Amino acid sequence: MISLLPSIKQRHSLHHLRWLAKLLATRIKDLDTTLPDALLPVPMHTVDQLRRGYNQAAVLADELGKNTAIKVMHTRLCKVKRTHHQHDLNADQRRANLSGAFSLRGKLPKHVAIVDDVMTTGSTLHEIASLLKQHGVERVDAWVIARTPQRDHD
């Protein structure tokens, strides 16, 4: 998994997201929990997405939506502030880096899942979940395909 995720981001190996999404969808459906009403992919800033050519979280959300029959809301959550790459920062720096980075457009259902490829400290997911809850979302789930090991300074 360690070399797989960078290949998705850096070598455009998007085909891996299809089978990873199927595995994640199967696992989620096996849980005894209420599924969300919508999926929200973690957005990239427009400049960064244009440079990469795609948003892997959006591709993953689309695949999860197909496998779970849950609507994907691509345009409701936006990244309005360009931030430093999170992998270069410690936990405190990550939180500060993301402050005010996201905004919402339009109404959202009461239960959503944020979709991302990797969670390290959870700063991105926490920032987005806080914003969603401030705007009336009652339950926020986080769906990720990998979690990086915690480092001593995080």
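Residues numbered from 1 in each chain as written. Predicted model: local features only at pLDDT ≥ 70, side-chain atom pairs only at ≥ 80, totals over all residues. Heavy atoms only, no water.

Q: Is there a simple way to think about the packing of helix H2 (residues 15–30) against helix H4 (residues 56–68) in this case?
A: Between H2 and H4, the shortest axis-to-axis distance is 9 Å and the interhelical angle comes to 50 degrees. The orientation of H2 with respect to H4, classified from their angle, is oblique. H4 is crossed by H2, and the crossing has right-handed handedness. Taken together, the residues of H4 that come into contact with H2 (itself represented by Leu17, Arg18, Ala21, Lys22, Leu24, Ala25 and Lys29) are Gln56, Val59, Leu60, Glu63, Leu64, Asn67 and Thr68. Residues belonging to the contact of H2 with H4 are distributed by class as follows: seven nonpolar, three polar and four charged. (Axes fitted to C-alpha atoms, helices over the stretch in contact; angles between N-to-C directions. Helix = DSSP H or I, 4+ residues; strand = E, 2+ residues; numbered from the N terminus. Parallel < 35°, antiparallel > 145°, perpendicular 65-115°, else oblique. Left-handed = near helix turned anticlockwise from the far one by under 90°. Contact = heavy atoms within 4.5 Å. Nonpolar A, V, L, I, M, F, W, Y, C, P; charged D, E, K, R; others polar.)

Q: Before we go on, may I ask you to explain the side chain of Thr68 in this structure?
A: Inspection of the secondary structure assignment puts Thr68 in helix H4. Looking at Thr68, its side chain comes within polar contact range of the main-chain oxygen of Leu64, at 2.7 Å. (Polar contact = N/O pair within 3.5 Å; in protein donor to acceptor, adjacent residues only side chain to side chain.)

Q: Where do I start with helix H6 (residues 123–134) in this structure?
A: Because an α-helix packs 3.6 residues into every turn, residues spaced three or four apart end up facing the same way. Here H6 spans 17 Å end to end across 12 residues, near enough to the 16 Å set by a 1.5 Å rise per residue. Burial in H6 covers these residues: Ser123, Thr124, Leu125, Ile128, Ala129, Leu131 and Leu132. Looking at the packing, one finds that the buried side of H6 touches strand S1 (38–41), strand S3 (77–79), helix H5 (91–98), strand S4 (102–104), strand S5 (111–119) and strand S6 (139–147). In the stretch just after H6, Gly136 is the one whose phi turns positive, near 95 degrees. (Expected span 1.5 Å × (residues − 1). Buried < 20%, exposed > 50% of the residue type's maximum accessible area, 1.4 Å probe, protein only.)

Q: Looking at this model, I keep getting lost on the pairing of S6. Mind explaining?
A: Remember that side chains alternate between the two faces of the sheet whenever the strand is regular. Where S5 and S6 come together, eight bridges link them in parallel fashion. Pairing of Asp116 across the sheet is with Val144, part of S6. Between the parallel elements S5 and S6, the chain passes through H6 in a crossover that is right-handed. (Pairing = 2+ DSSP bridges. Right-handed = clockwise from strand over helix to strand, strands pointing away.)

Q: When you look at the sheet that holds strand S2 (residues 71–72) in this model, what are you seeing that I'm missing?
A: The pairing of strands in a sheet comes from backbone hydrogen bonds and takes either a parallel or an antiparallel form. Judged by pairing direction, the sheet is parallel, and its four strands sit side by side in the order S2-S1-S5-S6 without closing on themselves. The outermost strands of the open sheet, each flanked by one partner alone, are S2 and S6. As paired strands, S1 and S5 are joined by four bridges and run parallel to one another. The residue of S5 that forms the bridge with Pro41 is Val115. Sheet strands in contact with H4 are S1, S2, S5 and S6, and its direction is about 130 degrees off that of S5.

In short, the description is geometric, and any link to function would need to be established separately.
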